Amino acid sequence: PPLPQKVATTAAVYLRRYYLLNTVMDLLPADVVHLCIFVASKNEEVNIALETFARIAADHEHCVQFVRANEAALLGQLKFHLVVFGWTRPLAGLITDIHAQALSQSDTTTSSSNDTSSSIAFASSKEKLEALRAAAAKVLKAWQATDAVLLHPPSQLALAALVHVAATQQQPSVSLDWYLHHLSDAKVQQQQDGAPAMTHERLVAKLKQIAAEASAHSLPATETIEALEAALAKCRNPHLDPHSEVSRKRKEQEEEEKHREADERAAARRLKEEETLERLTGMKRNADGLLVPVNSADSGTQSAKRTRRADDA
């Protein structure tokens, strides 16, 4: 089944935070994306086994090995700050508040302009607001691929998406200016002494800025992506590229070191066993591997030495 939207939102933030401190030449973004999604699913309490999760990758075995090898490193790069406040809950809250404010103002807009009256009438319909929410969610999913998720609070992103969608994608267009007036008035009343007031003009300018910055970025064409991947393949860090000559030699050295350490452990274990056998039984193995008394083994060894000396003479 598809993962919840909150997992995708959290993974997108993890990915951008990771590459603030690291370069794509070390670990491929395609691998880090899988890692971020898996860690985000655990953080959002969406339980899924790693072997099951790895089915989304083309190379299942590589995905499992990569996640196991780099999960702790990712947590360290994120400074273990894993809680991410996404836009899904603010978006739902704004839709609920818009509907409530529209119902409360529907009886007091007889003298307002036709645009305001029609906008409030639009917001009074749950079906139309649900369509607006779905369109805004689609826009916010696209904005996840930009730096907007790091630059602006999720509540501002959600409000900017609602205002942007209402003005550009609704037929006819719907203005939420009346709702922004309501928000700015409430902010002015709650404003602390000495802090700049969040006026209606400042709020509108801020939301337009967010929408302009986030909408200015678009996904590159397939040809551009292929060209970037080809360039990345030529400049990858050879120490972290599993297919490079440097990594191959390092693996061979690690295998040799592993075999050498295993041989040393086996030799030490055999020596300890012989010492234990001699201490408990007074027996030891001779050159032929037979158990003989310690004194007999020593005399047999001395006899063999004398025989070899005689033969040499």
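Quantities reported herein were computed from a predicted structural model and do not represent experimental measurements. (Residues numbered from 1 in each chain as written. Predicted model: local features only at pLDDT ≥ 70, side-chain atom pairs only at ≥ 80, totals over all residues. Heavy atoms only, no water.)

**So, the packing of helix α5 (residues 88-105) against helix α7 (residues 126-143)**
Axes are the key here: two packed helices are described by the angle between their axes and the distance separating the axes. One can describe the packing of α5 onto α7 by two numbers: an axis separation of 10 Å at closest approach and a directional angle of 150 degrees. Here α7 runs roughly antiparallel to α5, going by the angle between their axes. The two elements α5 and α7 meet at a crossing, and its hand is right-handed. Counting all contacts with α5, which are made through Leu 91, Ile 95, Ile 98 and His 99, the residues of α7 involved are Lys 126, Leu 129, Arg 133, Ala 136, Ala 137 and Leu 140. For the contact of α5 with α7, a count of residues per class yields 7 nonpolar, 1 polar and 2 charged. (Axes fitted to C-alpha atoms, helices over the stretch in contact; angles between N-to-C directions. Helix = DSSP H or I, 4+ residues; strand = E, 2+ residues; numbered from the N terminus. Parallel < 35°, antiparallel > 145°, perpendicular 65-115°, else oblique. Left-handed = near helix turned anticlockwise from the far one by under 90°. Contact = heavy atoms within 4.5 Å. Nonpolar A, V, L, I, M, F, W, Y, C, P; charged D, E, K, R; others polar.)

**Structural notes on the layout of surface pockets**
Unfilled space is identified by rolling a water-sized probe across the atoms. Volume-wise, the largest pocket comes out at about 1,200 Å³. Taken together, 31 residues make up the lining of the largest pocket; nearest its centre are Leu 15, Arg 16, Pro 29, Val 33 and Ala 145. Looking at the lining of the largest pocket, the elements with two or more residues in it are α1 (5-21), α2 (29-43), α7 and α12 (222-234). With 7 residues, the top contributor of residues to the lining of the largest pocket is α1. The residue inventory of the lining of the largest pocket, partitioned by class, reads 22 nonpolar, 4 polar and 5 charged. By volume, the second largest pocket is sized at about 510 Å³. Lining the second largest pocket are 19 residues, with Asp 31, His 62, Phe 66, Leu 240 and Pro 242 sitting closest to its centre. (1 Å grid on protein atoms, 1.4 Å probe; cavity = no way out; pocket = protein on both sides within 12 Å on 5 of 7 lines; lining within 4 Å. Points joined across faces, edges and corners; volume = space filled by probe spheres on them.)

**Structural notes on the confidence of the model for the chain**
Close inspection of predicted coordinates is inappropriate for parts of the model with low pLDDT. Looking at the chain, the pLDDT average stands at 81 and 83% of residues meet or exceed 70. Here helix α14 (residues 294-312) stands out as the element of the chain with the lowest mean pLDDT, 56, in contrast to α1, whose mean of 92 is the highest. (pLDDT = per-residue confidence, 0-100.)

**Let's talk about the packing of aromatic side chains**
In this description, an aromatic ring pair is defined by two values, namely the gap between the centres and the angle between the planes. Tallied over the entire structure, the rule returns 3 aromatic pairs. Ring centres of Tyr 18 and Tyr 19 lie 5.0 Å apart, and the angle between their planes is 80 degrees; this geometry places the pair in the edge-to-face category. Summarising the burial analysis for this pair, Tyr 18 and Tyr 19 share the class buried. Seen in terms of ring centroids, Trp 178 and Tyr 179 are 5.9 Å apart; in terms of plane orientation they differ by 70 degrees. Their pairing is edge-to-face. Of the two residues, Trp 178 and Tyr 179, both sit in the buried class. (Phe/Tyr/Trp six-rings, centres within 6.5 Å; stacked < 30°, edge-to-face > 60°. Buried < 20%, exposed > 50% of the residue type's maximum accessible area, 1.4 Å probe, protein only.)

**Examining the nonpolar core**
Counting residues in each nonpolar core, the largest one holds 63 residues, and the members touching the most others are Leu 91, Leu 140, Trp 143 and Leu 162. Filtering out sequence-adjacent residues up to four positions away, Leu 162 remains in contact with Leu 91, Leu 94, Ile 95, Ile 98, Leu 132, Ala 136 and Leu 176. (Core = buried A, V, L, I, M, F, W, Y, C linked by side-chain atoms within 4.5 Å.)

**Concerning the environment of Glu 274**
Of note, Glu 274 is situated in helix α13 (residues 245-281). With 10 residues separating them along the chain, Glu 274 and Lys 284 place their C-alpha atoms 6.7 Å apart.

**Details of the side chain of Glu 71**
With respect to the secondary-structure elements, Glu 71 resides in helix α4 (residues 60-77). Residue classification places Glu 71 among the buried residues on the basis of a relative accessible area of 18%. In contact with Glu 71, not counting residues within four places along its chain, are Leu 35, Phe 38, Val 39 and Lys 42.

**Focus on a nonpolar patch on the surface**
A contiguous nonpolar surface patch, about 410 Å² in accessible area, is contributed by Leu 20, Leu 21, Leu 150 and Leu 151. Broken down by secondary-structure element, the contributors of at least two residues to the nonpolar patch are α1 and α8 (148-151). Among the secondary structure elements, Leu 151 is positioned in helix α8. (Patch = residues over 30% accessible without salt bridge, like charges linked within 9 Å, V, L, I, M, F, W, Y side chains within 5 Å. Areas by Shrake-Rupley, 256 points an atom, 1.4 Å probe, with all protein chains shown as cover. Salt bridge = Lys/Arg side-chain N within 4 Å of Asp/Glu carboxyl O.)

**Quick look at the side chain of Gln 101**
By secondary structure assignment, the location of Gln 101 is in helix α5. When near neighbours in sequence (up to four residues on either side) are disregarded, Gln 101 contacts Trp 178, Tyr 179 and His 182.

**Digging into α13**
Here α13 spans 54 Å end to end across 37 residues, near enough to the 54 Å set by a 1.5 Å rise per residue. Positive phi shows up at Gly 282, right after α13, with a value of about 70 degrees. (Expected span 1.5 Å × (residues − 1).)

**Notes on unusual backbone geometry**
Of note in the backbone geometry, Glu 45 takes a positive phi value of approximately 60 degrees without being a glycine. Its location among the elements puts Glu 45 in the loop between α2 and α3 (50-53). Residue Glu 45 is classed as exposed on the basis of its relative accessible area, which comes to 68%. Despite not being glycine, Phe 80 shows a phi value in the positive range, around 60 degrees. Structurally, Phe 80 can be placed in the loop between α4 and α5.

**A few points about the environment of Arg 68**
Mapping Arg 68 onto the fold places it in helix α4. Residue Arg 68 is classed as exposed on the basis of its relative accessible area, which comes to 57%. With 33 residues separating them in the primary sequence, Arg 68 and Leu 35 have C-alpha atoms 9.0 Å apart. Residues within four places of Arg 68 in sequence aside, it is in contact with Leu 50 and Glu 51. In terms of polar contacts, Arg 68 uses its side chain to reach the side chain of Glu 51, at 2.7 Å. (Polar contact = N/O pair within 3.5 Å; in protein donor to acceptor, adjacent residues only side chain to side chain.)

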